[in-house]
Amino acid sequence: MTTFLTFTILGLVLGAVYAIAASGLVLTYNTSGIFNFAHGAQAMLGAFLYWQLAYGWGWPVWLALVVVLGVVGPAMGGLLHALIMKGLRDTADVTKIVVTVAVLLGMVYLSQWIWHPEEARIVEMFFGSNAKVEFSGVVIRVHEIICLVVAAAIAIGLRLLFTRSRVGVVMRGAVDDPDLLRLNGHNPERVAALSWMMGSTLAVLAGILITPIGGGALQANALTLLVIDAFAAAMFGRLRSIPRTFAGAIVLGMTATYVMAYFPSAWTWTSNFRISLPMIILFVVLIVLPQERLRGAAIRTRERYRVPTVRRAAVWGVALVAVVYLLKLLMVETSVSTFALGMTFAIIALSLTVLTGYAGELNLAPLSFGAVATIVVFHFGVVGTGLAARLDVWGVLLAVLVTAVVGGLVALPALRLRGLYLALATLAFGVFLSNMVLRDTTEHTVFGVTFSLFPNGSLIIPPLRIGPLDLRDGDTFLMTATVLFALIGVGLIALRNSGYGRRLAAMKDSPAASAMLGQNLVKLKLSVFMISAAIAGLGSVLMSSAIGSVASENFNVMAGLALLMLTVAAGIGYVSGALFGGLMSGVGFVIIVATFNDLAAANPDLAPVYQAIGSLSVVSTALLGIGVGKSPSGTVHDVVESYRSLRDARPVLVGGAVLEAALYGLTLAGIMDNWWFAILTACLVMMLPVFGRMVMARVAPDEGRPAPHRTPPELVGVDEPYTEELRRELDRELGLSGHDRGPTPGGRRPVRSGAEEGNVHVVA
Amino acid sequence: MSLLETQGITVRFGGNTAVDNVSVGVDEGRITGLIGPNGAGKTTLFNTVTGLQRPAEGRVLLDGVDVTRLPPAKRARRGMARTFQRLELFLSLSVRDNIRVAGDILRANTGSRVDVDKETDRVLERTGLGDIADLDVSDIPTGRARVVEVARALMTSPRVLLLDEPASGQTEQETEAFARMLTGLAEEGLAICLVEHDLPLVMKLCATIHVLDYGAVIASGTPKEIQESPEVIAAYIGTEVTA
Ligand SMILES: Nc1ncnc2c1ncn2[C@@H]1O[C@H](COP(=O)(O)OP(=O)(O)O)[C@@H](O)[C@H]1O
Ligand SMILES: [Mg+2]
């Protein structure tokens, strides 16, 4: 009995901290419509800062708490809202999610820069772990009592805020129905700013409270991903209701503790199972959540992509292979294998092009699906031993097939629901996989077969051999990976140009309209998710064999998020976006950091500067992702658009090509080194459109820039989001006075929005 | 018995009853009008009939079969098609592809070997969209965009077509051509339900008109009967004040 009570209290404590984290998440989601994937990262950053003040600099605990909770927490939330989140209205869900993911990554990189991850840092319980109270045999630590009291206080505080204060009533109005808020003339941005500040503070508080409960060691990734538990709790309240979120958090905390207590501890899966419980609960809740209303294109999003014809894509594919071949001639052997590794990442990134770019759905853990393929190929696809070991094609095919099926199974529970839920499900799966499967080094015996999924914590994946083509040779590997990328890329473009691709585009643009044409959305999403998982699987098998020996770090959730972020920043709707995103996340980081480290080693005086620049450039990649909010179509799109104007400037294009060929010649002859070649090429690519515009302006001065595009009044609110400003303008044009006409006269109910109004003809 | 029938449909949003015990029918070969001031519940009724909104009470019958519990896609496959008041065009597709994708879906669903390209050309010609077929849908005026929605719906070879304010944003000439097209479609046997604020157009085209106000049907009848109904005149005076 005492044991039971002890575990019950431990469960309550865990649940209380989950509740604190989850309520912050729900708050921001409801007032700003942004599901904050960076919530856990905020908790992490707050906890590290608290450690720095209280332990690093030895400030008194109370002062550290006041600074972190009273200043840093609200400031972080306020800044996030003002600088980033406010600009995300009227963007697609995908853009919103990717931006918060970029914030997450930026915070993780930042923390790893400031607080070196290999140093151990411990946050103690408040009043130490020995401060405890005993009630009839049940021992409770003071820290645990604090957690319970704080959670209760927050529950009561939120309740009072919502029922007693004006802004709280407005907020709750928002929690229940965000549209209502706008209708009643409240300023949603002010409320959103406030809720971001509160949400951020709650995250920080949760981070400080939970670290000692989990053993005390500060660990950036683990704390950041703790947010999954909060997601699961928030899901109980359908991401809307705070009381239900609290209830869900308690259920989650108790279950986790009971599993730990009463499952046989000899069973090695028990602790893994406990860690994975949130994800299991998340899936169960996903399955029982009722279907929502189908949405139309509620907002006219700004994302635009041009789809090339298959013929043109094929030309580009051949050009890519040729360019890679020419570049290969310039490279030393190690660079060739680095390049090849990058190319395998680009293949994985293609899985995102079809899923996100074409179908508008998200997979936040592409590498985790890749891990599935790698495990399968390790167990079933290796022939021969030692140096003679090779992957055979059938094994790879099997791995790809299994990955597609696993992908389908993971996605299925979330497919009835909004895209956000699929994103959550994939992230939860990624964390689950890292916790359970990739750490599963023990031997299991199932039906008399003894095996371990991840023996020795790493898998040796030999190179692939297809008939006479042996990928042990670095050059062959690079060219094969490039050809594969080109083939899959052209294949995807063909797919996008087919009836299937048009159906994907229709589903992405307006689920409601597409259903009204008879499209079964679940089936279509399932099929595209499986195709995407298969491509990720193929890419990952190649990636693993390029690395040679892979461990769970290679399939890390953060790495998958970085891949997604960079692909979206480059242009998720484009195959070339996958190329740049994949190369950048696969090897770009490594090259940047290595280059600056080399520079630091070569110039010891300037070493700190170079190292700082290196770290800074890694952190600033997150800015690329955040920039997606501003230019959601991606960099490739912008480059393509800028080159579009060059079509009529032949001499400029030819001149550019000749110059580039000369650069290449100089480099090949060894007169210029590769760095100069790379830098000059980049300059050339960027300068050419500018140059072209200058030349064209000289040739045809009349054809200056076209007049800025102006939406005709009848399209206002149809093609563009209908803003307050537009409404005023319309009122002015129509000669309507009084911008804040309250309820419409004549006893009519207010119409929902201007776009709904239409023309009203009156019976004469 | 009408091809499409609602029986006592009621829809509530919180405490607000948007559609109140509505029973109306849409017949084959005819255009049925549905009018009423803004906020009367016309769009909500369409959403309920097509399955985008679940009713609190009541049934929807299509050709005598109860479809109240079917998802939108299944209703569409049984011959329901609609347009949206808030345009729901596929913005990443061209005009032609917006129409063609309806054929793609039909083909994927039924496995039929219909020639989607040829069918698309036929619909483009019929709806008079040939001149803008290869433009991006975001580049065309609202009036034509509404016709694209109709064309897309026609591509599914529907038996009943629900049009939500299809003429708003159209020029006078466009409306005339549009009216001719609707008459033609009805003559071929299509059942059409028309929600429209252009009352002269509704009076000209419709055999029967239902008037909604505050979610309830306040009058039903021929155009002449509706024009003389005191309830309707009272309801519309409110609108006159608003506009
Ligand atoms: N999703 C919704 N949530 C809450 N209220 C709604 C919703 N959709 C419509 N309404 C309300 O239902 C009523 C009917 O609206 P609607 O069907 O759009 O009218 P109409 O199409 O006749 O102009 C209005 O009062 C409107 O505010
Ligand atoms: Mg309407």
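Computed from a predicted model, the values in this text were never measured in an experiment. (Residues numbered from 1 in each chain as written. Chains lettered and ligands numbered in written order. Predicted model: local features only at pLDDT ≥ 70, side-chain atom pairs only at ≥ 80, totals over all residues. Heavy atoms only, no water.)

Regarding the overall build of chain A
Turning to step 1, where the next piece is worked out: A count of helical and extended segments in chain A gives 29 helices and 10 strands.
Turning to step 2, where the next piece is worked out: Out of the 764 residues in chain A, the part that is buried amounts to 51%.
Turning to step 3, where the next piece is worked out: Approximately 33,900 Å² of chain A is accessible, and the part contributed by carbon and sulfur atoms is 67%. (Helix = DSSP H or I, 4+ residues; strand = E, 2+ residues; numbered from the N terminus. Buried < 20%, exposed > 50% of the residue type's maximum accessible area, 1.4 Å probe, protein only. Areas by Shrake-Rupley, 256 points an atom, 1.4 Å probe, with all protein chains shown as cover.)

Here's the deal with the domain arrangement of chain B
Residue and element names in this part refer to chain B.
Turning to step 1, where the next piece is worked out: Partitioning chain B into domains gives domain 1 (1-79 + 158-243) and domain 2 (87-157).
Turning to step 2, where the next piece is worked out: Taken together, the contact pairs 19 residues of domain 1 with 12 residues of domain 2.
Turning to step 3, where the next piece is worked out: When domain 1 packs against domain 2, close to 1,200 Å² is buried across both sides, 63% of that on carbon and sulfur atoms.
Turning to step 4, where the next piece is worked out: Our count for the domain 1 to domain 2 interface comes out at one salt bridge.
Turning to step 5, where the next piece is worked out: Residues Arg126 and Glu188 are paired through a salt bridge, measuring 2.8 Å at the closest nitrogen-oxygen approach.
Turning to step 6, where the next piece is worked out: On inspection of domain 1 and its partner domain 2, the count reaches four residue pairs in polar contact (both at pLDDT 80 or more).
Turning to step 7, where the next piece is worked out: For the side of domain 1 that touches domain 2, the secondary structure elements donating two or more residues are β8 (160-164) and α6 (172-187).
Turning to step 8, where the next piece is worked out: Ranked by residue count, the leading element in the side of domain 1 that touches domain 2 is α6, at five residues.
Turning to step 9, where the next piece is worked out: For the side of domain 1 that touches domain 2, the residue count by class is nine nonpolar, four polar and six charged. (Domains from an automatic or database assignment. Contact = heavy atoms within 4.5 Å. Buried area = accessible area lost by both parts, 1.4 Å probe. Salt bridge = Lys/Arg side-chain N within 4 Å of Asp/Glu carboxyl O. Polar contact = N/O pair within 3.5 Å; in protein donor to acceptor, adjacent residues only side chain to side chain. Nonpolar A, V, L, I, M, F, W, Y, C, P; charged D, E, K, R; others polar.)

Observations concerning the coordination of the magnesium ion (ligand 2)
Turning to step 1, where the next piece is worked out: The coordination sphere of the magnesium ion (ligand 2) contains the protein donors Thr43 of chain B (OG1) and Gln85 of chain B (OE1), at a distance range of 2.0 to 2.1 Å. One end of the pair, Thr43 of chain B, is in helix α1 (residues 42-50); the other, Gln85 of chain B, is in the loop between β7 (80-82) and α3 (95-110), and 42 residues separate them in sequence. (Donors = N, O, S within 2.8 Å, 3.2 Å for Na, K, Ca; no water.)

As for the packing of aromatic side chains
Residues and elements named next belong to chain A.
Turning to step 1, where the next piece is worked out: Taken as a whole, this structure holds 15 aromatic pairs over all chains when the rule is applied.
Turning to step 2, where the next piece is worked out: With a centroid separation of 6.3 Å and 35° between ring planes, the pair formed by Phe429 and Phe432 is classed as tilted. In this pair, Phe429 and Phe432 are both assigned in helix α17 (residues 419-437), three residues apart and thus about one turn of the helix distant.
Turning to step 3, where the next piece is worked out: Through pairs of rings, three or more aromatic residues link up here, namely Phe4, Phe7, Tyr258 and Tyr262.
Turning to step 4, where the next piece is worked out: Of note, Arg121 hangs over the ring of Trp51, and the distance from its end group to the ring centre comes to 5.2 Å. (Phe/Tyr/Trp six-rings, centres within 6.5 Å; stacked < 30°, edge-to-face > 60°. Lys NZ or Arg CZ within 6 Å of the ring centre and 35° of its normal.)

Here we look at the sheet that holds strand β4 (residues 31-35) of chain B
Residues and elements named next belong to chain B.
Turning to step 1, where the next piece is worked out: Taken in spatial order, the six strands line up as β7-β8-β9-β4-β10-β11 in an open sheet, and their pairing is mixed. Whereas interior strands pair on both sides, the edge strands pair on one side only; in this sheet they are β7 and β11 (216-221). Each strand of the sheet is rotated relative to its neighbour by a mean of 20°, with strand direction disregarded.
Turning to step 2, where the next piece is worked out: Pairing analysis gives four bridges linking β4 to strand β10 (residues 208-213), with the strands arranged parallel. In the sheet register, Ile35 faces β10, and the bridge partner there is Val211.
Turning to step 3, where the next piece is worked out: Sitting on the sheet, α1 is in contact with β4, β7, β8, β9 (191-195) and β10, with an inclination near 150° to β8.
Turning to step 4, where the next piece is worked out: Lying over the sheet, α6 contacts β4, β8 and β9, oriented at roughly 145° with respect to β9. (Pairing = 2+ DSSP bridges. Axes fitted to C-alpha atoms, helices over the stretch in contact; angles between N-to-C directions.)

Structural notes on the pattern of salt bridges
Residue and element names in this part refer to chain B.
Turning to step 1, where the next piece is worked out: Scanning the entire structure with this criterion turns up 18 salt bridges over all chains.
Turning to step 2, where the next piece is worked out: In this structure, Arg59 and Asp66 form a salt bridge, with 3.4 Å as the shortest nitrogen-oxygen distance.
Turning to step 3, where the next piece is worked out: Overall, Asp66 belongs to the partly exposed group, its relative accessible area being 37%.
Turning to step 4, where the next piece is worked out: Notably, a salt bridge pairs Asp97 with Arg100, separated by 2.8 Å at the nearest N-O pair. One end of the pair, Asp97, and the other, Arg100, are both in helix α3, three residues apart, so they sit about a helical turn from each other.
Turning to step 5, where the next piece is worked out: Overall, the relative accessible area of 16% leaves Asp97 in the buried class.
Turning to step 6, where the next piece is worked out: What makes Arg100 buried here is its relative accessible area of 17%.
Turning to step 7, where the next piece is worked out: Connected through shared salt-bridge partners, Arg96, Asp121 and Asp134 make up one network.

Focus on a positive patch on the surface
Turning to step 1, where the next piece is worked out: Side chains of Lys523 of chain A together with Lys74, Arg77 and Arg78 of chain B sit close together on the surface and give a patch of like positive charge.
Turning to step 2, where the next piece is worked out: With respect to the secondary-structure elements, Arg78 of chain B resides in the loop between α2 (72-77) and β7. (Patch = residues over 30% accessible without salt bridge, like charges linked within 9 Å, V, L, I, M, F, W, Y side chains within 5 Å. Lys, Arg positive; Asp, Glu negative; His and termini not counted. Charge placed at Lys NZ, Arg CZ, Asp CG, Glu CD.)

Overview of the sheet that holds strand β3 (residues 382-383) of chain A
Turning to step 1, where the next piece is worked out: Strand order in the open sheet formed by four strands is β3-β4-β8-β9 (chain A), and the pairing between neighbours is mixed. Looking along the sheet, the strands with just one partner apiece sit at the ends: β3 and β9 (469-470) of chain A.

Regarding the state of the cysteines
Turning to step 1, where the next piece is worked out: Taken as a whole and judged by the stated rule, the model has zero disulfides over all chains.
Turning to step 2, where the next piece is worked out: Sulfur of Cys206 of chain B: no disulfide; nearest cysteine sulfur belongs to Cys193 of chain B and is 8.2 Å away. (Disulfide = S-S within 2.5 Å.)

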